[in-house]
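# Structural description and commentary
Listed below are the residues making up each chain.
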Amino acid sequence: MQSDQTDPELGDGTLEELRKAVVEAALPNVVFDGWTDKTLAEAVEDAGVDPKLSRLAFPRGGLDLAIAFHDQCDARLGELMDAEDMSNLRYSEKVARAIEVRLEMLEPHREAVRRAVALFALPTNAAEGARAIWRTTDTIWTVLGDTSEDVNWYTKRATLSGVYSAVVLYWLGDESPNMESTREFIARRIDNVMQFEKAKASFKSSPLGRAFDSGPGRILEKIRKPGQGAPDMPGRWRQ
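Residues numbered from 1 in each chain as written. Predicted model: local features only at pLDDT ≥ 70, side-chain atom pairs only at ≥ 80, totals over all residues. Heavy atoms only, no water.

### Topic: the packing of helix H5 (residues 91–106) against helix H7 (residues 126–143)
Counted only if it meets this: Every angle, taken between N-to-C directions, lies between 0 and 180 degrees, and every axis is a line fitted to C-alpha atoms, over only the stretch in contact when it is a helix. Helix numbering and strand numbering both begin at the N terminus, where a helix is a DSSP run of H or I of at least 4 residues and a strand a DSSP run of E of at least 2. Convention used here: angles under 35 degrees read as roughly parallel, angles over 145 as roughly antiparallel, angles from 65 to 115 as roughly perpendicular, and any remaining angle as oblique. Should the near helix be turned counterclockwise from the far one by less than a right angle, the crossing is left-handed, whereas a clockwise turn marks it as right-handed. Note on definitions: a residue-residue contact is assigned when non-hydrogen atoms from the two residues lie within 4.5 Å. The residue classification treats Ala, Val, Leu, Ile, Met, Phe, Trp, Tyr, Cys and Pro as nonpolar and Asp, Glu, Lys and Arg as charged. All others, Gly included, are polar.
It is the contact of H5 with H7, at a shortest axis distance of 10 Å, that shows an interaxial angle of 130°. If you check the angle between H5 and H7, you find them oblique. For H5 against H7, the interelement crossing comes out right-handed. Between H5 and H7, the contacting residues are Tyr91, Val95, Ala98, Ile99 and Arg102 on the first element and Thr136, Ile140 and Trp141 on the second. When grouped by side-chain class, the residues that make up the contact of H5 with H7 number six nonpolar, one polar and one charged.

### Some remarks on the packing of aromatic side chains
Selection rule: When the centres of two rings from Phe, Tyr and Trp lie within 6.5 Å, Trp using its six-membered ring, the rings pair. Their planes under 30 degrees apart give stacked, over 60 give edge-to-face, and anything left gives tilted. Buried residues are those whose accessible area, probed at 1.4 Å on protein chains only, stays under 20% of the maximum for their type, while exposed residues exceed 50% and partly exposed ones sit between those limits. Two conditions define a charge located above a ring, namely a distance within 6 Å from the ring centre to NZ of Lys or CZ of Arg, and an angle within 35 degrees of the ring normal.
As enumerated under the stated definition, the model contains six aromatic pairs in all. With 5.0 Å between their ring centres and 75° between their planes, Trp153 and Tyr154 make a pair best called edge-to-face. Judged by its relative accessible area of 4%, Trp153 falls in the buried class. Since its relative accessible area comes to 17%, Tyr154 is described here as buried. Pairwise contacts between aromatic rings join Trp134, Trp153 and Tyr154 into one cluster. Stacked on the ring of Trp141, the Lys or Arg Lys156 has its end atom at 5.3 Å from the ring centre.

### Thoughts on helix H2 (residues 37–47)
How we decide: To be clear, the arc concerns the directions from the helix axis to the C-beta atoms.
Of the residues making up H2, those classed as buried are Thr39, Leu40, Ala43 and Val44. For H2, the angular spread of the buried residues around the axis is 135°, confining them to a single face. Set apart from the buried face of H2 by more than 90 degrees, the exposed residues are Glu45 and Asp46. Phi turns positive, to about 70°, at Gly48, one or two residues after H2.

Here it is as structure tokens:
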């Protein structure tokens with residue numbers, strides 16, 4: 001990339017292409033040095049990127065490098081899911097399949113994911129890690145056609161965030177062929193969620209549930225999902 005491209009008005013598209021090149025160059029070194037500023041500096045040099053531009057793309061150094069990798073995997077997940085034929089699957093099976101697809105994509109980079117998990121587990125980075133997982137679950141629900149606008153938008157993503165986090169930790173220690181143990185674990189966790197949803201539906205139809213909906217539950221009806229382009233930001237209230 002030419003070093004004269006230092007205009008601070010660079011478009012997001014240019015920076016995103018830069019991030020892709022740097023992440024690709026960084027992956028071999030992440031295994032040894034983690035998602036660090038050292039790894040970033042070496043990747044910037046290996047990718048032939050202007051260091052001034054890299055500071056625009058990765059202002060927080062190695063942390064932003066890890067986030068870029070995570071978000072690029074989300075984008076790829078959306079593409080892969082669009083190409084999947086899931087017409088014969090139940091909805092719960094579609095959710096499970098989406099998680100499987102993301103892990104299959106990550107399989108060659110398992111150690112890089114392990115390093116990212118360790119990075120996001122640090123107290124100073126925990127919020128960024130939670131937002132990254134939230135964006136992953138938003139990608140899954142969106143590609144599966146979720147149209148919820150109310151508090152269900154949040155509960156779906158919050159529930160799946162818990163499932164996905166547990167699955168990733170399980171997968172990191174799974175040595176079974178073709179991730180068979182992980183696939184079974186995913187199925188069990190999704191089944192647990194479905195049982196919870198059935199219990200919730202039963203509660204809502206009960207006298208106590210109807211009383212809740214007519215009282216405190218009316219407040220929840222005002223909660224709306226975030227505006228366009230901000231899936232990890234707070235929502236808004238319906239007027």
